There are 4 protein chains.
Amino acid sequence: MKNVEIIDRDSLVKGLYEQLSLKAGETAIVAIDMHRGHLDMDVATMPAKPEDAKRVIANAKRVLDSARAAKIPVIHVVLVYRRIAGLGSEGMVSPFWKALHAAQGETDRLTPGRKSTVREHNVEGSPGTEIIPELQRPGDYVINNKKRLDCFYGTDLRQLLDALKVKNVVLMGINTNTCVLNTAFTAFNFDYRVVVLSDCVASMYGEDLHVLGLQNVARCLGWVITNEQFFDKIKERANALQP
Amino acid sequence: MKNVEIIDRDSLVKGLYEQLSLKAGETAIVAIDMHRGHLDMDVATMPAKPEDAKRVIANAKRVLDSARAAKIPVIHVVLVYRRIAGLGSEGMVSPFWKALHAAQGETDRLTPGRKSTVREHNVEGSPGTEIIPELQRPGDYVINNKKRLDCFYGTDLRQLLDALKVKNVVLMGINTNTCVLNTAFTAFNFDYRVVVLSDCVASMYGEDLHVLGLQNVARCLGWVITNEQFFDKIKERANALQP
Amino acid sequence: MKNVEIIDRDSLVKGLYEQLSLKAGETAIVAIDMHRGHLDMDVATMPAKPEDAKRVIANAKRVLDSARAAKIPVIHVVLVYRRIAGLGSEGMVSPFWKALHAAQGETDRLTPGRKSTVREHNVEGSPGTEIIPELQRPGDYVINNKKRLDCFYGTDLRQLLDALKVKNVVLMGINTNTCVLNTAFTAFNFDYRVVVLSDCVASMYGEDLHVLGLQNVARCLGWVITNEQFFDKIKERANALQP
Amino acid sequence: MKNVEIIDRDSLVKGLYEQLSLKAGETAIVAIDMHRGHLDMDVATMPAKPEDAKRVIANAKRVLDSARAAKIPVIHVVLVYRRIAGLGSEGMVSPFWKALHAAQGETDRLTPGRKSTVREHNVEGSPGTEIIPELQRPGDYVINNKKRLDCFYGTDLRQLLDALKVKNVVLMGINTNTCVLNTAFTAFNFDYRVVVLSDCVASMYGEDLHVLGLQNVARCLGWVITNEQFFDKIKERANALQP
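For every chain, the first residue of the written sequence is number 1, and numbering continues from 1 onward in sequence order. The lettering of chains begins at A and the numbering of ligands begins at 1, in the order of writing. For a predicted model such as this one, the threshold for reporting local features is a pLDDT of at least 70, and the threshold for listing and counting side-chain atom pairs is 80 or more; totals across whole chains, interfaces and linings nevertheless cover every residue. Each side-chain value is worked out from all heavy atoms of the structure, with water and hydrogens disregarded.

### Here's the deal with the pattern of salt bridges
- Salt bridge, as applied in this entry: a Lys or Arg side-chain nitrogen positioned within 4 Å of an Asp or Glu carboxyl oxygen. Counting across every chain of the model gives 73 salt bridges over all chains.
- Its salt-bridge partner being Asp191(B), residue Arg148(A) comes within 3.0 Å of it at the nearest N-O pair. With one member in each of two chains, Arg148(A) in the loop between strand S6 (141-146) and helix H5 (157-163) and Asp191(B) in the loop between helix H6 (176-189) and strand S8 (193-202) form a pair that bridges those chains.
- Each residue is placed in one exposure class: buried if its accessible area under a 1.4 Å probe, protein chains only, is under 20% of its type's maximum, exposed if it is over 50%, and partly exposed if it falls in between. Looking at Arg148(A), the relative accessible area reads 5%, which means it is buried.
- A salt bridge links Lys167(B) to Glu26(B), with the nearest nitrogen and oxygen atoms 3.9 Å apart. With a gap of 141 residues between them, Lys167(B) in the loop between helix H5 (157-163) and strand S7 (168-174) and Glu26(B) in the loop between helix H1 (10-19) and strand S2 (27-32) connect regions that are remote in the sequence.
- Because the salt bridges share partners, they merge into one network encompassing Lys61(A), Asp65(A), Arg68(A) and Asp140(A). Only runs of H or I of at least four residues qualify as helices and only runs of E of at least two qualify as strands under DSSP, and these elements are numbered from the N terminus.

Rendered as structure tokens:
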């Protein structure tokens, strides 16, 4: 098996961390695809690893509860597919996903060694489309018309962030190296400050790509921090603003 | 130093490869940021490794020459920044890049151990903005108003691809894990078939992110193939169409 | 009062009509903001003229019933606003709408001589957001996150049209000169064939802007046809395809 | 010939005018398609009326000179088409423009009674693509990859406006009811304050649609003002900021 040695960029990451300042009033949490289709093993059609699901749900709950208390808006973005006559899920127009289903059996697709399917994933009305209940509270915003990997594409996420006067986009959810990373790229391209919460992300594609996703954000376009670091940064800025 | 073990997905990659069919008339090559600002060590402000630059230029030249002979369109997409009064490069409105310059010395920024700068990178009129001469020929298309990591964002790349009736977007260039990967994500989101030519990409961020960028494409959204495999696929389809 | 003489472009319009061919399988109807907020006088916060509402509902019903019978997809696009703490309707971040409310009393805003309000218009959960019941049937598609004038902006309308393999976008709804016209512009820009059904559109801004909106489409970017002409074109093409 | 009576909305327009405040530092002028292809009768392929061309050039020159003196940025956006093998101008993929050329002779197309052509309009390298020389000065910004009616679509106009910290987009150019109006719609949708300079716009489609375009902006989405009113508003705000 091939091994990749991760380059040591500690001095870069530390330098950038010093520069990070998070004002609650300019910050929002974007929770990406934290639905039963990835995180509830009873119904998941693209399951994360069970231990990842457990970790991510517990850690995300802590952050989201604190965020709401600090009046930081919480935005859930969820993939949902319509059923189209003669096609099935509207996701199946993707040439890559079509090839995937033509080529591979159900345990050798996107999630190595576990069953997964695009064809039945998060079709309108199916239980997979439901947000994990302990992560959702009244007052949260929900965008449920995501169709591909980027939370901004085909949704009003940018408009909502701008209505909320957000400059700092804090990402959590599934998968680190696809929807989270793609959304991080777009948020960077739109000149938001991009933060990924390492405790609250995971990848159904494997640990290697999870690590990649985080390395890629931290060394190329944004900040990867733990829950504790996030709380510290919010407090630090709040204190700085006190008289 | 942290090591990452790459998961073996050979059966997935082989299965998908069988599904790949590349009709010349529906294919275009998108050459990303193959300019002197990355690839010519005399003027580069964000240099790839010298040996990577050499390899990528030589391999890309072979593919581009063959592509033109097969009437496959070649589209160069190049980042160029205007100079704005009171700001300098228009790139410097990015909060991440501002933090990078505030925090880090010139040899500890994006390119580990080599000098790099965003502030002076590919400003309008500077030699860095020139496409590597041996990679450009009359009849190639040029899009030179890319501003961030995604070749589609703020450009007419999608319109050009659609005018050319392209369904297969074949990517090459710099950097594997940022502009190439971000463009691969968007091309996937737009339902193009995405191919990355592994012989013709490199990353100034380090070998680890190069490898993981390729893994990410091959296992989540598209095809990573060598030059030889690309030639094979074009020939295979051309022969299939013969009487 | 100022009068505008409409230039005679009959020969242009006739010539273009001859060129129009509508294949049912490449056509979709996009019904724009046909909700109670414009069309039900009991709850409308931006009411069309009552006689226009009646006419448009009756004519649209005929077309939609026929379209469904011919397996032409029907897509409803509806504006709905979230309520945002401290702001009210998320629509109120628009500088024009803020100025409108600051300057004008409720009978001298967008709808001349009738009460109208942006501030309370189609807020999430209000009756105005409901599609006129006789215009909606099971199997219709609904996009309900439109936020401004363009049905494509911040929605997945383009993705849905492409999943349905649509090339001809047939528009109806409210208002001829704003949401219909803006959507016609964008559909044109995206290289769809744009058709507006003159019997099924109206404008709360006044008859003058309704007429001029139709003139603008017919002479600059698409086709304006009656219900009968629409049925004729669908039949004509269906017959042409018969053996 | 049909006549349209323009509804009297003077009290609305006056009320909105009172609300308009233009800070030079948050304002930019976007000059739309002020190129020889519309405005120089010797080479124009889609000519405005000669007297309109003269009026618009003279009035625009005055505003642009004053704007530069007040450090208000000037952004030229110009349509330019590539030549594509086997297709000709890349504009000719538009189904409406194809139908227009199939149906109509050269004096009965978009510009009533005058010769016009899409097919040869502003092809790369042709004189039509040149900005009218007296309207361009060093230091102006140029975006020359517009492809359809909307200045934002497929260009980096939004990114440039945001880099310049612009909130007020002041439009001039050709044509009032297409590129100016479509750009006004999109600028409105993006929550910019939209101003159209009535002295500096014209329409090759006819006086009726010119009037429509202005009425539509003034009553639905922004401000239509004269050159004098623009100077007044800039001065008024500058004075208000004095100690």
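### Focus: the environment of Ile225(C)
Residue and element names in this part refer to chain C.
- In this structure, Ile225 sits in strand S9 (residues 223-225).
- Sequence spacing of Ile225 and Lys23 is 202 residues, and the spatial spacing of their C-alpha atoms is 16 Å.
- Two residues form a contact once any of their heavy atoms are found within 4.5 Å. When near neighbours in sequence (up to four residues on either side) are disregarded, Ile225 contacts Tyr17, Leu20, Val195, Val196, Leu197, Ser198 and Phe230.

### Side note on the relation of the copies chain C and chain D
- Note on the copies: chain C fits chain D at an RMSD of 0.1 Å, the axial shift is 0.0 Å, and the rotation between them is 180 degrees. Here the symmetry operator amounts to a two-fold rotation axis. By C-alpha distance to the rotation axis, the residue of chain C lying nearest is Val4(C), at 2.5 Å.
- Both copies present the same face, since 98% of the interface residues in chain C are matched by interface residues at the equivalent positions in chain D. A least-squares fit on C-alpha atoms brings the copies together, and the residues used are those whose pLDDT is at least 70 in both copies.

### Digging into the packing of H6(B) against helix H7 (residues 207-220) of chain B
Residues and elements named next belong to chain B.
- For the pair H6 and H7, interaxial distance at closest approach is 9 Å and the crossing angle is 10 degrees. If you check the angle between H6 and H7, you find them roughly parallel. Considering how the two elements wind past one another, H6 and H7 form a crossing that is left-handed. Residues Thr176, Asn177, Leu181, Ala184 and Phe185 of H6 form the contact with H7, whose participating residues are Leu209, His210, Gly213, Leu214, Asn216 and Val217. Whenever a helix is involved, its axis is fitted only over the stretch in contact; in every case the axis is a line through C-alpha atoms, and angles between N-to-C directions fall within 0 to 180 degrees. For classification purposes, an angle smaller than 35 degrees is called roughly parallel, one larger than 145 roughly antiparallel, one from 65 to 115 roughly perpendicular, and anything else oblique. Whether a crossing is left-handed or right-handed is set by the direction in which the near helix is turned from the far one by less than a right angle, anticlockwise for left-handed and clockwise for right-handed.

### What about the interface of chain C and chain D?
- Counting residues at the interface gives 60 residues for chain C and 59 residues for chain D.
- Buried area: the accessible area, evaluated with a 1.4 Å probe, that two parts lose upon being put together, summed over both parts. Of the roughly 5,500 Å² buried where chain C meets chain D, counting both sides, 62% is carbon and sulfur surface.
- Pairs of N or O atoms within 3.5 Å make up the polar contacts considered here, provided that, within protein, one atom can donate a hydrogen while the other can accept it, and that residues adjacent in sequence are counted only when both atoms are side-chain atoms. Here chain C and chain D share 25 residue pairs in polar contact (both at pLDDT 80 or more) between them.
- Mapped by element, the contributors of at least two residues to the side of chain C that touches chain D are strand S1 (3-5), helix H1 (10-19), helix H4 (95-103), helix H6 (176-189) and helix H7 (207-220) of chain C.
- Top element by residues in the side of chain C that touches chain D is H7(C). It accounts for 10 residues.
- Gly is placed with the polar residues, together with every amino acid not listed as nonpolar (Ala, Val, Leu, Ile, Met, Phe, Trp, Tyr, Cys and Pro) or charged (Asp, Glu, Lys and Arg). Of the residues belonging to the side of chain C that touches chain D, the class tally is 30 nonpolar, 16 polar and 14 charged.

### Description of the environment of Glu26(B)
- In the structure, Glu26(B) is positioned 189 residues away from Gln215(B) in sequence and 25 Å away in space, judged by C-alpha atoms.
- Contacts of Glu26(B), omitting those with residues within four sequence positions, involve Lys165(B), Val166(B), Lys167(B) and Asn168(B).

### Quick look at the confidence of the model for chain A
- Residues at a pLDDT of 70 or more form 98% of chain A, whose mean pLDDT is 96.
- Predicted complex, confidence summary: ipTM 0.98, pTM 0.98. The predictor reports its confidence for every residue as pLDDT, a score running from 0 up to 100.

### Describing the packing of aromatic side chains
- Only Phe, Tyr and Trp rings are paired, with Trp represented by its six-membered ring, and only when their centres lie within 6.5 Å; those with planes under 30 degrees apart are stacked, over 60 edge-to-face, the remainder tilted. According to the stated counting rule, one finds 34 aromatic pairs over all chains in the structure shown.
- With 5.2 Å between their ring centres and 55 degrees between their planes, Tyr153(A) and Phe190(B) make a pair best called tilted. With Tyr153(A) in the loop between S6 and H5 and Phe190(B) in the loop between H6 and S8, this pair bridges two chains.
- Judged by relative accessible area, which is 17%, Phe190(B) ranks as buried.
- Pairing Trp97(C) with Phe188(D) gives two aromatic rings, centres 5.1 Å apart and planes at 75 degrees, and the pair type is edge-to-face. Here Trp97(C) is found in helix H4, whereas its partner Phe188(D) is found in helix H6 (residues 176-189) on a different chain.
- Among the aromatic residues, those joined into a ring-pair cluster are Tyr81(A), Phe96(A), Trp97(A), Phe188(B) and Trp223(B).
- Working rule: Lys NZ or Arg CZ, within 6 Å of ring centre, within 35 degrees of ring normal, means a charge sits over the ring. Taking NZ or CZ as reference, Arg158(A) lies 3.9 Å from the ring centre of Phe190(A), over its face.

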